[in-house]
Amino acid sequence: MFDLSQTPWARWTPNAIAADASARGYTRLTGPSGDTVILMDSGPVPLDPFCNMAAHLAQHGFCAPQILHRQDPFAILTDLGQTDLAQALDVGVDAQTIYAAAVDTLVRLRDTPAPDLDKLTPDVAGDMVRITAEHYAASANADQISDAVRAHMAQFASVADRLALRDYHVENLIWRGTNDIGLLDFQDAFVAPDGYDLASLLRDVRRPVLDSIVIDMTARYCAASGIDPVTFAPQLACLGAQRNLRILGVFARLIRQDGKQKYATLMPRVWENLMADLGHPALSELRAVVLENLPPPDQAGFA
């Protein structure tokens, strides 16, 4: 455990923050005057990707945590706030307002230069979904699923040229007002085709997003970015399908290998999101491959 005794936060009161699917852990430290900071334990995951991306985002005017102290694998971070967008939604902040602020941040992010990061090429996208055949359905043909994803990415989302934070959803965004969204959980950022983070936001596996919100926010993103919504639609659907196919495998591994049964309750929504994107006519061949290989969660033992 990180020894706070020789730091300015030695006598601050710790309160654990609920963990996510990763190996990282977070504790909020509260000082005598009520000031707070975040103690992050990155576990076996290197700290450099998080720290480097935090600095990059701050350099370009985004609200990301400042690294106050670092002693690997621990870091003390500025606290961006205690209300994420999911909690703001739960206490009645208007959903249109919340999602519009998140989308407007994405519009700014899409024009932000990316540092040297891995790229979500069609080949990488295909390889990333092999985990689903391994952990979700033992009878699935990994090569067939991977090849189908690779082919559809090559056709509809072949150009990886935008910075994507990768886990951009309402539980990872801090509500600070409409013009100041706090950004978290960006250590796995990569360079992806335009719309990857929008798909992450609107095809949220942890909470339902109304169809009206999906339609309105996609239109808002396209209008602000100067994108043709007709040509963008199959690209966004393809990115969403690839992402949720992988999440099926990741959650299945968490359930079966790590005993984290809480993820079983999320499986039906992952499947629902996947089917929604595979419902786009341009993805009919990918849909056929998926349905040939993967049963819905209730038949796979996850619901």
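That block above? That's the structure.
Overview of unusual backbone geometry
Then, in step 1: In this structure, the amide linkage connecting aspartate 72 to the following residue, proline 73, adopts the cis form with an omega of 5°.
Then, in step 2: Within the fold, proline 73 resides in the loop between strand 4 (67–71) and strand 5 (74–78).
Then, in step 3: In this structure, arginine 166 is a non-glycine residue whose phi angle is positive, near 90°.
Then, in step 4: Tracing the backbone through its elements, the reader meets arginine 166 in the loop between strand 6 (162–164) and strand 7 (173–174).
Then, in step 5: In this structure, aspartate 185 takes a positive phi of about 55° despite not being glycine.
Then, in step 6: Relative to the helices and strands, aspartate 185 is located in the loop between strand 8 (182–183) and strand 9 (190–192).
Then, in step 7: Judged by relative accessible area, which is 9%, aspartate 185 ranks as buried.

A closer look at the nonpolar core
Then, in step 1: The biggest cluster of nonpolar side chains holds 48 residues, and the ones touching the most others in it are Leu57, Tyr99, Leu183, Phe186 and Leu201.
Then, in step 2: Of all the secondary-structure elements, those providing two or more residues to this core are strand 3 (36–41), helix 1 (48–59), strand 5, helix 2 (85–90), helix 3 (95–110), helix 7 (196–202), helix 8 (211–225) and helix 9 (229–256).
Then, in step 3: No other element matches the nine residues that helix 3 contributes to this core.
Then, in step 4: The contact partners of phenylalanine 186, leaving out residues within four places of it in the chain, are Phe50, Met53, Ala54, Leu57, Ala64, Pro65 and Leu165.
Then, in step 5: In terms of nonpolar packing, the next biggest core, distinct from the first, is built from 47 residues, Met128, Ala140, Leu248 and Leu286 among them.

Rules used throughout
- Residues numbered from 1 in each chain as written.
- Predicted model: local features only at pLDDT ≥ 70, side-chain atom pairs only at ≥ 80, totals over all residues.
- Heavy atoms only, no water.
- Helix = DSSP H or I, 4+ residues; strand = E, 2+ residues; numbered from the N terminus.
- Buried < 20%, exposed > 50% of the residue type's maximum accessible area, 1.4 Å probe, protein only.
- Core = buried A, V, L, I, M, F, W, Y, C linked by side-chain atoms within 4.5 Å.
- Contact = heavy atoms within 4.5 Å.

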